[in-house]
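This is what each chain is made of:
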Amino acid sequence: MPAPHLALPPTDRVLSPLTGWTRAHWEALADRQLEALVPYATPHFAQYRLPGRSSWSGVVSDGLEGYARSFLLASFRIAGAGGEVDPHLIERYAQGLTTGTDRDTAGGEAWPELSDCSQQMVEAASIAIGLHETRPWIWDKLDTRVQERVVDWFSGFVGGRTWDNNWRLFQVVSEQFLASVGAPYSKADIDGGLDRIEDWYHGDGWYSDGDGRNFDYYIGWAMHLYPLLWARMAGQDDEGRGKVYRERLTQFLTTYPHFFGADGAPVHQGRSLTYRFAATAPVWMGALADCTPLAPGLTRRLASGTARHFVERGVPDERGLLPLGWYGTFLPATQAYSGPASPYWASKGFLGLLLPADHPVWTERELPLPVEESDQYTALPQPGWLLHGTRPDGIVRLINHGSDHNPLEGPAADDPHYAKFGYSTATAPETAPSAWERTVDNHLALLTPDGTPSRRRRIHPVRCEGRVAASRHDAQLPGFDGEFPVESTSALHGPWEIRVHRVQAPAGVAVREGGHAVADTAQPHAEQGPGWALTRTEAGLTSAVVALHGWDEEAGIAREVAANAYGPHSATPYLRLTGHEGGTSVHVTLVVLSQDTVLPSALRESLTCTVEGDTVRLRFPDGTLLEV
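All figures in this text were calculated on a predicted structure; none of them were measured in a lab. (Residues numbered from 1 in each chain as written. Predicted model: local features only at pLDDT ≥ 70, side-chain atom pairs only at ≥ 80, totals over all residues. Heavy atoms only, no water.)

Enquirer: Looking at this model, I keep getting lost on the overall build of the protein. Mind explaining?
Expert: When helices and strands are counted, the protein shows 16 helices and 22 strands. For the protein, whose C-alpha radius of gyration is 25 Å, the value lies close to the compact-globule estimate of 25 Å for 628 residues. Along the first, second and third principal axes, the C-alpha atoms of the protein reach 80 × 55 × 45 Å. When the 628 residues of the protein are sorted by exposure, 62% land in the buried category. Sequence separation of at least 24 residues holds for 68% of the intrachain contacts in the protein that already meet a minimum separation of 6. (Helix = DSSP H or I, 4+ residues; strand = E, 2+ residues; numbered from the N terminus. Rg over C-alpha atoms; globule rule 2.2 N^0.38 Å. Buried < 20%, exposed > 50% of the residue type's maximum accessible area, 1.4 Å probe, protein only. Contact = heavy atoms within 4.5 Å.)

This is how it looks when you write it as structure tokens:
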């Protein structure tokens, strides 16, 4: 149930049999968040200085971020209601514009000027979108001198340099706003930014966020969102680009519902997960741009299910604020650029409020998510992912053989939000620094004699089709010369994932593979036996690994504290080979994440695994023969 501080309308189980939510719930959630920010506003509402860890950009930039990102939410609420909202809401944000762009204002409320690659560029884009959507109620009623100051502030974009990733789109929408109000702008900047994203389009609706294999939710809430918001501003002057962007979003949305569990949770993968509801932005955008392949009832069910998922877990918190974290405050799930107002990019998830109340997404009956109808196996070749949903428990797993968030050249890192073999809607990677250093969960590691693990940095996709995906990475071990190739294949069968690793390693090192980390308020239960290990939460979420070939009989459990976004106590089952003979070895693991009863010893006895040279054959209890 929602926390008592958030008053929501009665549920409607006729219109929304799966979530109970209606448009009124979204409006109430938006209003609660906007009202809760008021005590943290500077005297003239140009900044919202929220409690929490500051970003690397400093307190003034963080205050601007609070204004800009909440203005995005306010703009959707104002425009979606045709201006029929509490007039104080409009007044606050109009006053903030007046003060923030006044460089002579006292009290330090003025916004920092736009400079190359500055955080202000990010926030300016939200303000531009908000001004466009609320033009009759805010921009058109501003004093001419204030309009001129706003234009002058935005003009810092013209001819400016941004980071060469999704930031190019902040310049695009901001300068298009300048164009829309008759102010000087650079068409070359707009065209250059839109041309640049063509270099990052991989097909099937998938972009990378800049050069490299950068795939995550940013694709939906940035690479698809801003081009279509730009087209919305440009109108008939979009030179045909809008049609292309709509077609690409249509392709992207075809499989997007497969990322969401039956409980509404999105798969926990990638950076900036603290934006939470923003994961629903591309679904709303598809409806808003009239390019969605999804039925209206599925659009609302997905979006409302995700919002309700967080609300039922205490988001927003008792103050009405969005803390830095996933549910509660959890800083390891954030990045150094995340400030106390960063979570308010959750505002993008309220884009649906721009759709009129009589639009089919608000009036048609909810439809179930794919995982609520049947088991799902979805191959996404562009990012190199398999999505694996199981109807009995509603869990969706993401098997990663393609996204590593590294540049094409130069030094590479192994961010735990990208480098793992597996993610899910029910678990999170271990992300605290100590756990990241150990990197047990969903990782295949070579171990030096002192226990230092190898890292999975650059991921080279090999194949991704049907129920099979494969990749290669080159493990580096401190104290050893050269790199050690690891070729990995994941195959899905029923509720299980089979991982096959072909490992080149020096003699004497150990090899270790971990399953999913499960987390809870209490310490997860653990069991282990010959060739298997298992961890289970009080609610029955179970993670297990079962040795089918190439492992010692003794397995283990790795425990962590304050390392996981899903709870303070977490545990990961793992398998181990203590002494590698040198050369090439084959390791086969059955990986299980389930809300059902799991009996690892019975699973091990019921599966037959034979390895002949480089070929692995598996026979399952139902008679299926799989060759990997």
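Enquirer: Which parts of the structure should I look at to understand the environment of Gln-504?
Expert: By the secondary structure assignment, Gln-504 is in strand S11 (residues 496-505). With 81 residues separating them in the primary sequence, Gln-504 and Ser-585 have C-alpha atoms 6.5 Å apart. In this view, Gln-504 contacts Leu-446, Phe-484, Pro-485, Gly-583 and Thr-584; residues no more than four positions away in its chain are not counted.

Enquirer: Mind showing me how you'd approach the sheet that holds strand S4 (residues 385-390) here?
Expert: Hydrogen bonds between backbone groups are what pair the strands of a sheet, and the pairing can be parallel or antiparallel. Pairing is antiparallel across the open sheet formed by four strands, whose spatial order is S3-S4-S5-S6. Edge positions in the sheet fall to strand S3 (376-380) and strand S6 (422-424), since each has one partner strand and no second. Between one strand axis and the next, the sheet turns through 20 degrees on average, direction left out of account. Relative to S4, S3 runs antiparallel, the two sharing five bridges. Bridge assignment links Gln-376 to a residue of S4, and that residue is Gly-389. (Pairing = 2+ DSSP bridges. Axes fitted to C-alpha atoms, helices over the stretch in contact; angles between N-to-C directions.)

Enquirer: Is there a simple way to explain the nonpolar core in this structure?
Expert: Note that soluble globular proteins tend to have their nonpolar side chains buried in a common cluster. Among the nonpolar cores identified, the biggest contains 135 residues, and Tyr-93, Ile-127, Leu-131, Phe-154, Tyr-226 and Phe-259 are the most heavily contacted of them. Considering each element in turn, this core owes the most residues, 10 residues, to helix H2 (residues 59-80). Formed by 22 residues, the second largest nonpolar core is a distinct cluster that contains Val-500, Val-586, Leu-603 and Leu-607. (Core = buried A, V, L, I, M, F, W, Y, C linked by side-chain atoms within 4.5 Å.)

Enquirer: Explain the pattern of salt bridges here, please?
Expert: Pairing is possible between side chains of opposite charge, provided their charged atoms come close. Going through the model one piece at a time under the given rule, you end up with 39 salt bridges. As a salt-bridge pair, Arg-196 and Asp-211 come within 3.1 Å of each other at their nearest N and O atoms. Here Arg-196, found in helix H7 (residues 187-198), pairs with Asp-211, found in the loop between strand S2 (206-207) and helix H8 (218-223); they are 15 residues apart in sequence, far enough to count as distant. The buried category is assigned to Arg-196, whose relative accessible area is 15%. Between Arg-617 and Glu-627 there is a salt bridge, and its shortest N-O distance comes to 3.1 Å. With Arg-617 in strand S21 (residues 615-619) and Glu-627 in strand S22 (residues 625-627), this residue pair connects regions lying 10 residues apart in the sequence. Owing to a relative accessible area of 28%, Arg-617 belongs among the partly exposed residues under this scheme. Shared partners join several salt bridges into a network, and the residues in it are Asp-164, Arg-168, Arg-196, Asp-199 and Asp-211. (Salt bridge = Lys/Arg side-chain N within 4 Å of Asp/Glu carboxyl O.)

Enquirer: How should I be thinking about helix H11 (residues 281-288) in this particular structure?
Expert: For an α-helix the count is 3.6 residues per turn, leaving residues at separations of three or four pointing the same way. Taken across its eight residues, H11 has eight buried, putting it largely inside the fold. Every buried residue belonging to H11 is among Ala-281, Pro-282, Val-283, Trp-284, Met-285, Gly-286, Ala-287 and Leu-288, and all of these are buried. On its buried face, H11 is in contact with helix H1 (23-37), H8, helix H9 (225-234), helix H10 (241-255), helix H12 (296-311) and helix H13 (360-363). Looking one or two residues past H11, Asp-290 carries a phi angle of roughly 55 degrees, positive in sign.

Enquirer: Explanation requested: the pairing of strand S18 (residues 567-577) in the structure shown.
Expert: Residues in a regular strand project their side chains so that they alternate between the two faces of the sheet. The sheet contact formed by strand S12 (residues 510-514) and S18 spans four bridges and is antiparallel. Residue pairing across strands places Glu-513 opposite Leu-575, the latter belonging to S18. Where strand S13 (residues 518-520) and S18 come together, three bridges link them in antiparallel fashion. Paired with Ala-519 across the bridge in S18 is Ser-570. Where strand S17 (residues 556-564) and S18 come together, seven bridges link them in antiparallel fashion. The partner of Val-561 across the bridge, within S18, is His-569. Linking S17 to S18, which pair antiparallel, is a turn of two residues.

Enquirer: I would appreciate a short explanation of the environment of Ser-61 in the present structure.
Expert: Mapped onto the secondary structure, Ser-61 falls in helix H2. Since its relative accessible area comes to 4%, Ser-61 is described here as buried. If sequence neighbours within four positions are ignored, Ser-61 has contacts with Gln-119 and Gln-120.

Enquirer: Would you mind going over the sheet that holds strand S14 (residues 525-529) with me for this structure?
Expert: Strand order in the open sheet formed by eight strands is S8-S9-S10-S11-S19-S16-S15-S14, and the pairing between neighbours is antiparallel. Each edge of the open sheet carries a strand with a single partner, namely strand S8 (460-465) and S14. Across the sheet, the mean angle from the axis of one strand to that of its neighbour is 15 degrees, orientation sign disregarded. Bridge count for S11 against strand S19 (residues 583-594) is nine bridges, and the pairing is antiparallel. Across the sheet, the residue bridging to Glu-497 is Val-591, located in S19.

Enquirer: What exactly am I supposed to notice about helix H3 (residues 87-100) here?
Expert: The terminal C-alpha atoms of H3 lie 20 Å apart, and with 14 residues this matches the ideal 20 Å at 1.5 Å per residue to within 8%. Taken together, the buried positions of H3 are Leu-89, Ile-90, Arg-92, Tyr-93, Ala-94, Gly-96, Leu-97, Thr-99 and Gly-100. For H3, the elements touching its buried residues are H1, H2, helix H4 (119-133) and helix H5 (144-154). By the N-cap criterion, in which a side-chain oxygen at the helix start approaches the backbone nitrogen of a residue two or three places on, H3 is capped by Asp-86, the distance to His-88 being 2.9 Å. (Expected span 1.5 Å × (residues − 1). Polar contact = N/O pair within 3.5 Å; in protein donor to acceptor, adjacent residues only side chain to side chain.)

Enquirer: Help me out: how do you make sense of the side chain of Gln-147 in this one?
Expert: For Gln-147, the position within the fold is in helix H5. By relative accessible area, which is 18% here, Gln-147 ends up buried. Among all residues touching Gln-147, those that are not within four sequence positions of it are Trp-139, Asp-140 and Leu-142.

Enquirer: Would you explain the packing of aromatic side chains in this entry?
Expert: Geometry of an aromatic ring pair is reported as the spacing of the ring centres plus the angle between the planes. Taken as a whole, this structure holds 41 aromatic pairs when the rule is applied. Measuring from ring centre to ring centre gives 5.1 Å for Tyr-67 and Trp-111, while their planes differ by 50 degrees; the resulting arrangement is tilted. Placement of the pair is Tyr-67 in helix H2 and Trp-111 in the loop between H3 and H4, with a sequence separation of 44 residues. The class for Tyr-67 is buried, based on a relative accessible area of 0%. Using a relative accessible area of 4% as the deciding quantity, one classes Trp-111 as buried. Centroid distance Phe-170 to Trp-345: 6.0 Å. Interplanar angle 55 degrees. Geometry classified as tilted. Residue Phe-170 is located in helix H6 (residues 167-180), and its partner Trp-345 is located in the loop between H12 and H13; the two are separated by 175 residues in the primary sequence. (Phe/Tyr/Trp six-rings, centres within 6.5 Å; stacked < 30°, edge-to-face > 60°.)

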